[in-house]
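# Descriptive analysis of the structure
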Amino acid sequence: MKAFLSGLRRRSWLLALLLAACGGHQHVKVEQQPCQCPAQPVPEQPKQPPVTPPASKIPDYGLLKQARWQDLAGFDQAQLSAAWPAWLLGCNTLKNRQPWQAACDAASRLPQIPTEAQVLAYYQQHFNVYQASNQNGGDTGLVTGYYEPRLKGSRVKTAQYRYPLYSRPDDLITVELASLFPELANKRVRGRVVGTKLVPYYTRAEIENGQAVMAGRELFWVNDPVELFFLQVQGSGLIQLDNGEAVHVGYADQNGMSYQSIGRTLVERGELTLDKASMQGIKQWGRQNPGKLQELLNTNPSYVFFRELPPNLPGPLGALGVPILAERVVAVDPKFIPLGAPVFLATTYPNSSTPLNRLVMAQDTGGAIKGGVRADFFWGAGDAAGQQAGAMKQEGRMWVLLPKGFPLPNQGD
């Protein structure tokens with residue numbers, strides 16, 4: 001391994017190759033109705049899109065523009081206290097970070113259940129507001145949705161439960177590229193060591209046909225391979241056991257392969273029309289074509305490994321490391337919006353022009369969530385949340401609340 005890394009330092013031409021292998025973290029996306037946004041392929045978003053070189057030239061948070069509180073139309077009517085529990089959960093982590101300490105300390109001094117007026121006064125006293133923008137200067141972007149699927153499962157293999165969720169394999173190697181190329185901070189490449197070389201890790205097809213040694217890595221067994229696939233797409237979920245216990249599982253790692261849309265594949269093959277290539281449409285196709293299902297799933301080489309999360313969590317763990325709450329958390333691009341920040345999101349409900357103006361917390365990330373005005377709205381757990389997430393593909397604007405004194409490039413506090 002040491003010989004590999006030493007050789008890698010001498011081969012700057014490998015930089016482009018490594019960039020192609022870099023992946024995101026946390027949840028990926030539901031197969032959605034097609035979006036014409038050029039930043040994501042139709043019919044849904046990939047977990048690990050190619051790195052966008054221009055973004056690396058923009059300083060962190062460099063697209064945030066100073067705004068005024070009066071710019072946030074409807075902020076004082078947005079049920080701010082409903083987002084307060086999510087903010088307090090975030091403070092469990094943020095209170096240990098210098099830009100956030102004073103704001104989190106002040107939050108701890110408010111009543112456990114503050115009034116709307118108290119929450120409004122708190123934010124206006126301790127925060128400044130900034131509008132998110134895109135590289136082209138626009139202030140409107142794409143808002144999608146994600147959710148936490150529920151699967152029926154078992155801790156042991158049975159005739160009913162025969163499809164495994166695997167934990168992270170021991171031979172999966174992750175190389176953090178910042179140690180080799182400082183300009184690639186937060187980028188990584190995954191593989192396995194063969195002799196003295198790092199080679200790509202096994203694809204989905206190779207894992208499924210037994211080329212990877214996965215025996216003993218089974219966390220749970222579930223009853224539906226399509227639901228298991230979409231659990232990997234989302235990156236976290238609930239396993240409902242027959243004894244009534246519900247267990248949270250979360251993203252542990254990924255095999256390093258780029259996500260390929262099976263919805264797109266079905267459309268290209270003429271198996272589904274574009275308007276039917278949603279999560280629900282793909283599930284129906286799988287039920288009608290069981291003999292073709294595994295081959296279809298294998299066209300996506302990406303594979304996600306899981307870990308069992310502590311019991312009694314109020315939600316899955318987001319990228320900030322705290323449980324995320326339904327309809328009060330978004331995933332963002334942490335290059336442009338600080339992880340943990342309160343965000344005022346102005347968008348509409350799925351397939352609707354009804355306003356959805358909501359204070360949410362930027363407590364998660366996703367491989368497909370890229371850009372200055374880009375959010376993924378967490379709808380919660382279960383089928384109803386999945387329906388909303390699968391249909392959400394709206395335009396929206398975002399204002400970011402940052403503690404006074406938060407360091408931003410080329411700006412005061």
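Scoring rules and cut-offs
Residues numbered from 1 in each chain as written. Predicted model: local features only at pLDDT ≥ 70, side-chain atom pairs only at ≥ 80, totals over all residues. Heavy atoms only, no water. pLDDT = per-residue confidence, 0-100. Helix = DSSP H or I, 4+ residues; strand = E, 2+ residues; numbered from the N terminus. Contact = heavy atoms within 4.5 Å. Salt bridge = Lys/Arg side-chain N within 4 Å of Asp/Glu carboxyl O. Buried < 20%, exposed > 50% of the residue type's maximum accessible area, 1.4 Å probe, protein only. Core = buried A, V, L, I, M, F, W, Y, C linked by side-chain atoms within 4.5 Å. Disulfide = S-S within 2.5 Å. Pairing = 2+ DSSP bridges. Axes fitted to C-alpha atoms, helices over the stretch in contact; angles between N-to-C directions.

### Examining the confidence of the model for the chain
Interpretation of this model should avoid reading the predicted coordinates in detail wherever pLDDT is low. In this model, the chain carries an average pLDDT of 85, and 85% of its residues clear a pLDDT of 70 or more. Confidence scores differ between elements of the chain, with helix H2 (residues 14–21) showing the lowest mean pLDDT of 36 and strand S2 (residues 127–132) the highest of 98. Contacts from residues 28–56, a stretch scored under 50 in pLDDT, to residues over four places away or in other chains number 109 contacts.

### Describing the pattern of salt bridges
Two side chains bearing opposite charge may form a pair once their charged atoms approach each other closely. Overall, the coordinates contain 12 salt bridges when judged by the stated rule. As a salt-bridge pair, Arg 190 and Asp 253 come within 2.6 Å of each other at their nearest N and O atoms. Taken as a pair, Arg 190 in strand S7 (residues 188–194) and Asp 253 in strand S11 (residues 246–254) lie far apart in primary sequence, 63 residues in all. Across this residue pair, the class does not change: Arg 190 and Asp 253 are buried.

### Thoughts on the nonpolar core
Within the largest apolar cluster, 74 residues are counted, with the highest numbers of intra-cluster contacts made by Trp 87, Tyr 122, Tyr 123, Phe 127, Met 398 and Leu 402. At 6 residues, helix H3 (residues 84–94) tops the list of elements feeding residues into this core. In this structure, Tyr 123 is in contact with Trp 69, Trp 84, Trp 87, Pro 342, Leu 359, Met 361 and Leu 401, ignoring residues within four places of it in sequence. Leu 151, Val 222, Val 247 and Val 249 belong to the second-largest nonpolar core, a separate cluster that totals 13 residues.

### Focus: the state of the cysteines
The tally for this structure, following the rule as stated, stands at 1 disulfide. Residue Cys 91 pairs covalently with Cys 104 via a disulfide, S to S 2.2 Å. Here the disulfide of Cys 91 and Cys 104 is left-handed, its torsion about the S-S bond being about -85°. On the criterion of sequence distance, the pair formed by Cys 91 in helix H3 and Cys 104 in helix H4 (residues 101–108) is long-range, its members being 13 residues apart. Overall, the relative accessible area of 5% leaves Cys 91 in the buried class. On the basis of relative accessible area, Cys 104 is assigned to the buried category, the value being 5%.

### Regarding the sheet that holds S7
Spatially, the 3 strands line up as an open sheet ordered S6-S7-S8, and their pairing is antiparallel. Single-partner strands in this sheet number two, and they are strand S6 (173–176) and strand S8 (197–199). Neighbouring strand axes in the sheet, compared pairwise and without regard to direction, differ in orientation by 55° on average. Across 3 bridges, S7 lies against S8 in antiparallel orientation. Paired with Val 194 across the strands is Lys 197, a residue of S8.

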